[in-house]
Amino acid sequence: MLELRQYQKDIIAKGTEVIRDYGFLYLAMEVRTGKTLTSLGICEQLNVDNVLFLTKKKAIGSISDDYTKMCPANFTLFTINYESIHKIPDVRWDVIVCDEAHSMGAFPKPSNRAKAVRQLIQRHDPKVILLSGTPTPESYSQMYHQVYGLPMNPFNRHATFYKFAHDWVNVKQKKINGNLINDYSGGRKDITKAMERFTINFSQKQAGFEVVTKEHVLRVRLREETYRLAKRLDKDLVVEGKDEVILADTPVKLMSKLHQIYSGTIKFESGKSMVIDHTKAEFILDRFKGQKIGIFYKFKEELTALKDTFGKELLTTELEEFETTDKSIALQIVSGREGISLRQADALVYYNIDFSATSYWQSRDRMTTKDRLKSDVYWVFSEGGIEDDIYKAVSKKKTYTVNYFKKDFVHLYG
């Protein structure tokens, strides 16, 4: 049977009291401090029969392994990814654990994920444990839809986010495409204070370790044809080929198309996509030759470029194969940023960078363990591309938006 660390035992004792008093608990424990085992330990103390664990698909295996190692005698665990909630067995759930709870934090309208979880809670009236190392990574406003389905949440008198925002958010207006719209990202810090009695915060430092992540920016020169394409689209906002069209008739589309082109791929107006430049993939293969690395990509054709360059002998997309062979692994940033461990990797390499600050802060911690506190992260940027501008924003916990893009490409709109 697995022996828990003392701090986990202490959190289990405190968390059990909180959830018995209020019906829910938010475990805001930083990466690698043992959120999963701690939440299962709380379920064991509650003496319940059925526990539902909602997570990402790639994390299901590791959570099942933790349950097996813990070997609790008094409850049955069913683990499933959020997208498969409709496949959940028809039993009464005593406890629902929501892994990476911040993923339900979209606003001002709730995401489908948040709505599905709320419906589950209304149907089963369970105790709920929310898990996240970063509860509000981009805005305090992200808290509302994480807890709006919980009867005793501190914002329950606000039936909608908009009513909540009236009291808890500094609402501003911003201009997009000539229209003024409300910006609800200015949630006040009081939101976290309101959540304090339901929340247990725990850091890596409190656990006795601190991670040192060393970041390296590597720049590569793409093919001249790629730069000519980017420049032409930048100027004309449309490029027509024999069979396909690249259209960037709005700032959002231009930002997205340039983001693709500067990493060597493009998605056409028809919906089809293709690799136009393998330079980044070839650079990664040569630069990290002989190493077992974790590669994060953003667009699906970037995976095609990696597969074309590395071949099946050197690259996999499956975590189990990565762990049992010498192959490197390629993961899409959003699906691979949470709930998995790449501790066997010699380094993490980013083929591209996501617009989201959440993706930046979470994916770069995938190598961290209690015994491995130093990690090397490499960003592969194209010379003269858009990636450096995105990096400046997300590393400061700001999501890269079209407003940033307009400032970076002010000559387009002057």
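Look above for the structure.
Presented here is a report on the structure given in the accompanying data block. (Residues numbered from 1 in each chain as written. Predicted model: local features only at pLDDT ≥ 70, side-chain atom pairs only at ≥ 80, totals over all residues. Heavy atoms only, no water.)

**Notes on a negative patch on the surface**
Then, in step 1: A surface patch of like charges, here negative, comprises Asp 65, Glu 318, Glu 320 and Glu 323.
Then, in step 2: Within the secondary structure, Glu 323 is located in helix 13 (residues 319-324). (Patch = residues over 30% accessible without salt bridge, like charges linked within 9 Å, V, L, I, M, F, W, Y side chains within 5 Å. Areas by Shrake-Rupley, 256 points an atom, 1.4 Å probe, with all protein chains shown as cover. Salt bridge = Lys/Arg side-chain N within 4 Å of Asp/Glu carboxyl O. Lys, Arg positive; Asp, Glu negative; His and termini not counted. Charge placed at Lys NZ, Arg CZ, Asp CG, Glu CD. Helix = DSSP H or I, 4+ residues; strand = E, 2+ residues; numbered from the N terminus.)

**A short note on the pattern of salt bridges**
Then, in step 1: This structure, assessed with the given rule, holds 12 salt bridges.
Then, in step 2: For the salt bridge of Arg 223 with Glu 225, the shortest nitrogen-to-oxygen distance reads 3.6 Å.
Then, in step 3: Linking Lys 280 and Glu 387 is a salt bridge whose minimum nitrogen-to-oxygen distance equals 2.7 Å. A residue pair is termed long-range when its members are at least 10 positions apart, and Lys 280 in helix 11 (residues 279-287) and Glu 387 in helix 16 (residues 387-394) qualify at 107 residues. The same class applies to Lys 280 as to Glu 387, namely buried.
Then, in step 4: Residues participating in the shared-partner salt-bridge network are Arg 221, Glu 224 and Glu 383. (Buried < 20%, exposed > 50% of the residue type's maximum accessible area, 1.4 Å probe, protein only.)

**Concerning unusual backbone geometry**
Then, in step 1: The omega torsion across Phe 107 and Pro 108 is 5 degrees, close enough to zero to call that bond cis.
Then, in step 2: Considering the arrangement of structural elements, one finds Pro 108 in the loop between strand 4 (95-98) and helix 4 (112-124).
Then, in step 3: Residue Asn 47 is not a glycine yet carries a positive backbone phi of 55 degrees.
Then, in step 4: Relative accessible area serves as the criterion here: at 61%, Asn 47 is assigned to the exposed category.
Then, in step 5: Phi is positive for Glu 100, close to 45 degrees, though the residue is something other than glycine.
Then, in step 6: Within the element layout of this structure, Glu 100 appears in the loop between strand 4 and helix 4.

**Considerations on the nonpolar core**
Then, in step 1: Ile 284, Ile 295, Leu 306, Leu 342, Tyr 351, Trp 379 and Tyr 400 are the most contacted members of the largest nonpolar core, which totals 58 residues.
Then, in step 2: For this core, the element with the highest residue contribution is strand 18 (residues 374-382), accounting for five residues.
Then, in step 3: Leu 306 has contacts with Ala 281, Ile 295, Tyr 297, Gly 311, Leu 315, Ala 330 and Tyr 351, leaving out every residue within four places of it along the chain.
Then, in step 4: Residues Ala 114, Val 128, Leu 150 and Ala 165 belong to the second largest nonpolar core, which totals 37 residues. (Core = buried A, V, L, I, M, F, W, Y, C linked by side-chain atoms within 4.5 Å. Contact = heavy atoms within 4.5 Å.)

**Section: the packing of aromatic side chains**
Then, in step 1: With the rule as written, the count across this model stands at 25 aromatic pairs.
Then, in step 2: Considering the side-chain rings of Phe 24 and Phe 198, the 4.7 Å spacing of their centres and the 20 degrees angle between planes classify their relative orientation as stacked. Note that Phe 24 is positioned in strand 1 (residues 24-29) and Phe 198 in the loop between helix 7 (190-194) and strand 8 (199-202), a separation of 174 residues in sequence. Both residues of the pair, Phe 24 and Phe 198, count as buried.
Then, in step 3: Residues Phe 155 and Phe 164 carry aromatic rings whose centres are separated by 5.1 Å and whose planes lie at 75 degrees to one another, so their mutual orientation is edge-to-face. (Phe/Tyr/Trp six-rings, centres within 6.5 Å; stacked < 30°, edge-to-face > 60°.)

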